[in-house]
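# Analysis of the macromolecular model
Each chain is listed here by its residues.
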Amino acid sequence: MRKFVTVFVVLAVLSMATMAMAAQLVMDGSTTVLPFGQAAVEQFMKENAGVKFSVSGTGTGNGFKSLADGSAQIANASRFIKDSEIKSCSDKGVYPVPFAVALDCIVPIVHKENPVKGLTRAQLKDIYSGKVTNWKEVGGADAPIVVIGRDTSSGTYGTWQEMIMDKGGKSRVTPKAQVASSSGAMLSSVGKNKNAIGYEGMGYVNNTVTGVKVDGIDATAATARSGRYPLSRYLYMFTNGWPEGELLDFIMYMQSDDGQRIVNAAGFVSLRELKK
């Protein structure tokens, strides 16, 4: 009987250990980070049998909420965490640690038939605040400008607000602006409307729209790394405290040359120039 009990306990412990090893890691947050985050997770799982990930993109703000309530181990973010979000996390015993995983450029986008190829930051601010309402005021056709922005949970919205509008919130986006709920929705909205303007992370910009220069500078890997492009930014993954085990292994993979090649393949910018 004693041997049976001992064997049972050993088997139970082994079973619990196996369940712990198979526990699913959850990544949530920025839709900008989602394409290369998803691709990196898939490759990491192929190379590490037994590791399980669940990935979703509900927006940067929601990613931090998921990290705070413990439903996600990684919060993807297309901006740095706000003081209010740090407080929300710390109130629940969660201590966000940031890891830069890529660089990006926020690119103003217009319809393919729009002749406007470049805008200044001042012009973008005037357009998004509603001060400029016709394309002819910025070198385009005589047509009303249809402003499309992102919802407030989007990290790209937050970065746009900071870089184009202002940090203090005195200049707000016009209430007439349409709101796109995701990067895909933004592309679709601008691509279907000849008079629309929007903005998007460079990895999402495709041939359905035209990317516009900002202050005469193109969004490229070189201008993102040098900071010359006015709307360049870092993209992040946040964890609760310093990661350990499989979570640390994944973050290290994400920042490795292999992980950074996945970033480049998705159309974003690796943290450093990689050897071919």
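Residues numbered from 1 in each chain as written. Predicted model: local features only at pLDDT ≥ 70, side-chain atom pairs only at ≥ 80, totals over all residues. Heavy atoms only, no water.

### A few points about helix 9 (residues 245-255)
An α-helical turn contains 3.6 residues, so a residue and the one three or four places further along point in the same direction. This is how the line gets drawn: For every residue, the accessible area (1.4 Å probe, protein chains only) is compared with the maximum for its type, and the residue is labelled buried under 20%, exposed over 50%, or partly exposed between those bounds. Only DSSP runs of H or I with at least four residues qualify as helices, and only runs of E with at least two residues qualify as strands; both kinds are numbered from the N terminus onward. What the arc measures is the spread of directions leading from the helix axis to the C-beta atoms.
Within helix 9 the residues assigned to the buried category are Leu 247, Phe 250, Ile 251, Tyr 253 and Met 254. Summarising the axial view, the buried residues of helix 9 lie within an arc of 160°, below the 170-degree limit, and thus occupy one face.

### What to know about the confidence of the model for the protein chain
Any residue range with low pLDDT should be treated as having predicted coordinates unsuitable for detailed reading. Counted only if it meets this: As a per-residue quantity, pLDDT reports the predictor's confidence and falls between 0 and 100. Contacts are assigned to residue pairs that have any heavy atoms within 4.5 Å of one another.
Mean pLDDT over the protein chain stands at 90; residues scoring 70 or higher make up 90%. Below pLDDT 50 for its whole length, residues 4-21 participates in two contacts with residues either more than four positions away or in separate chains.

### What to know about the pairing of strand 11 (residues 232-240)
Here is the key point about a regular strand: its side chains alternate between the two faces of the sheet. Operational definition: Whether two strands pair depends on DSSP finding at least two bridges between them.
Among the nine residues of strand 11, seven are classified as buried, and the element is accordingly described as predominantly covered. Pairing of strand 3 (residues 74-77) with strand 11 involves three bridges; the strand directions are antiparallel. For Asn 76, the partnering residue across the bridge sits in strand 11 and is Met 237. With nine bridges connecting them, strand 4 (residues 96-111) and strand 11 associate as antiparallel partners. Paired with Pro 98 across the strands is Phe 238, a residue of strand 11.

### Examining the side chain of Thr 239
Selection criterion: Side-chain atoms alone can form a polar contact between residues adjacent in sequence; in general such a contact is a pair of N or O atoms within 3.5 Å, and within protein one must be able to donate a hydrogen while the other accepts it.
Within the element layout of this structure, Thr 239 appears in strand 11. A polar side-chain atom of Thr 239 sits 2.8 Å from the main-chain carbonyl oxygen of Gly 241. With sequence-adjacent residues up to four places away left out, Thr 239 is seen in contact with Leu 67, Gln 73, Ile 74, Tyr 95, Pro 96, Val 97, Phe 99, Leu 247 and Ile 251.

### Some points on the packing of aromatic side chains
The criterion, for reference: Any Phe, Tyr or Trp ring, taking Trp's six-membered ring, that has another such ring centre within 6.5 Å forms a pair; planes under 30 degrees apart are called stacked, those over 60 apart edge-to-face, and the others tilted.
Tallied over the full model, the rule gives 15 aromatic pairs. Through successive ring pairs, a cluster of aromatic residues spans Phe 64, Phe 80, Tyr 234, Tyr 236 and Phe 238.

### Remarks on the nonpolar core
Rule in force here: Only buried Ala, Val, Leu, Ile, Met, Phe, Trp, Tyr and Cys residues count toward a nonpolar core, and they belong to the same one when joined by side-chain atoms within 4.5 Å.
In this structure, Phe 36, Ile 127, Ile 197, Met 237 and Phe 250 are the most contacted members of the largest nonpolar core, which totals 65 residues. In terms of residues, this core owes the most to one element, strand 4, which gives ten residues. Among the nonpolar cores identified, the runner-up in size contains ten residues, and Ala 68, Ala 75, Cys 89 and Phe 238 belong to it.

### A closer look at the environment of Gln 178
Tracing the backbone shows Gln 178 in strand 7 (residues 178-180). Accessibility expressed as a relative area gives 41% for Gln 178, which makes it partly exposed. With 30 residues separating them along the chain, Gln 178 and Ile 148 place their C-alpha atoms 4.6 Å apart. What Gln 178 contacts, discounting residues up to four positions off in sequence, is Val 146, Val 147, Ile 148 and Gly 149.

### Some details on the environment of Ala 265
One can find Ala 265 in helix 10 (residues 257-265). Spatially, the C-alpha atoms of Ala 265 and Gly 203 are 9.0 Å apart, while their sequence positions differ by 62 residues.

### Points about the packing of helix 5 (residues 121-129) against helix 6 (residues 155-165)
Inclusion rule: Axis lines are fitted to C-alpha atoms, over the contacting stretch for helices. Their N-to-C directions set the angle, which ranges from 0 to 180 degrees. Any angle from 65 to 115 degrees is called roughly perpendicular, while one under 35 is roughly parallel, one over 145 is roughly antiparallel, and all others are oblique. Side-chain classes are defined by residue name, with Ala, Val, Leu, Ile, Met, Phe, Trp, Tyr, Cys and Pro counting as nonpolar, Asp, Glu, Lys and Arg as charged, and the others, Gly among them, as polar.
One way to put it is that helix 5 packs onto helix 6 with a least axis distance of 9 Å and a crossing angle of 120°. By the angle between their directions, the pair helix 5 and helix 6 is classed as oblique. Counting all contacts with helix 5, which are made through Arg 121, Leu 124, Lys 125, Tyr 128 and Ser 129, the residues of helix 6 involved are Trp 160, Ile 164 and Met 165. Tallied by class, residues from the contact of helix 5 with helix 6 come to five nonpolar, one polar and two charged.

### Some remarks on the packing of helix 9 against helix 10
Relative orientation of the contacting elements helix 9 and helix 10 amounts to 60°, with a least axis distance of 4 Å. Taken together, the axis directions place helix 9 and helix 10 in an arrangement best described as oblique. Contacts from Tyr 253, Met 254 and Gln 255 in helix 9 reach Asp 257, Asp 258, Gly 259, Gln 260, Ile 262 and Val 263 in helix 10. Residue composition of the contact of helix 9 with helix 10, grouped by class: four nonpolar, three polar and two charged.

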